[in-house]
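Close look at the chain arrangement
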Amino acid sequence: MNVGVCLVRLRLPESLSLKSKRRVLRSITTRVQGKFSVCVAETDNHDSWQMATLGICCISNDRRHNNEVLSRVVNFITESRFEVEVLDYEIELL
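Let me begin by describing the structure that accompanies this report. Worth saying up front: this structure is predicted, and the values here are computed from it rather than measured. (Residues numbered from 1 in each chain as written. Predicted model: local features only at pLDDT ≥ 70, side-chain atom pairs only at ≥ 80, totals over all residues. Heavy atoms only, no water.)

**With respect to the environment of I91**
The following threshold applies: Helix and strand assignments follow DSSP, with helices taken as H or I runs no shorter than four residues and strands as E runs no shorter than two, numbered in order from the N terminus. Buried residues are those whose accessible area, probed at 1.4 Å on protein chains only, stays under 20% of the maximum for their type, while exposed residues exceed 50% and partly exposed ones sit between those limits. We call two residues contacting when some pair of their heavy atoms lies within 4.5 Å.
Here I91 shows up in strand β4 (residues 85-93). Assessed through its relative accessible area of 27%, I91 is described here as partly exposed. Expressed as a C-alpha distance, the spacing of I91 and T43, which sit 48 residues apart in the sequence, is 15 Å. If we ignore the near neighbours within four places in the chain, the residues touching I91 are V5, C6, N67, L70 and S71.

Shown next, in the form of structure tokens:
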């Protein structure tokens, strides 16, 4: 069993409240989970209106598959029309 973990740091320039931030993050997590069958959770910057860190996890038998899925998730978030800017991301394969 191989585990892939990705942390994505986001900036939400349009967010003016925590409620607005949660709406955007809920949209991202729902679409990513449905499209890629991965686990997604907000892992840091819980009280910041315009910053968020998402943790994404993928489990499979193949390390290359984990890396490919997590890279596609990052590309999906970057290229989609969410109200976010991807500041940084890191992928770790365990």
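**Here's the deal with the sheet that holds strand β1 (residues 2-11)**
To be explicit about the condition: Paired strands are those between which DSSP finds at least two bridges. Where helices are involved, their axes are fitted lines through C-alpha atoms of the stretch in contact, as for all axes, and angles between N-to-C directions lie from 0 to 180°.
With antiparallel pairing, the four strands of this open sheet are ordered in space as β2-β3-β1-β4. With one partner strand each, in any of the chains shown, β2 (39-44) and β4 form the two edges of the open sheet. For this sheet, the mean inter-axis angle between neighbouring strands, taken without regard to orientation, is 20°. Along the sheet, helix α1 (residues 18-36) contacts β1, β2 and β3 (51-60); its crossing angle with β2, the most-contacted strand, is approximately 150°. Against the sheet, helix α2 (residues 63-79) contacts β1, β3 and β4, and its axis sits at roughly 15° relative to β1.

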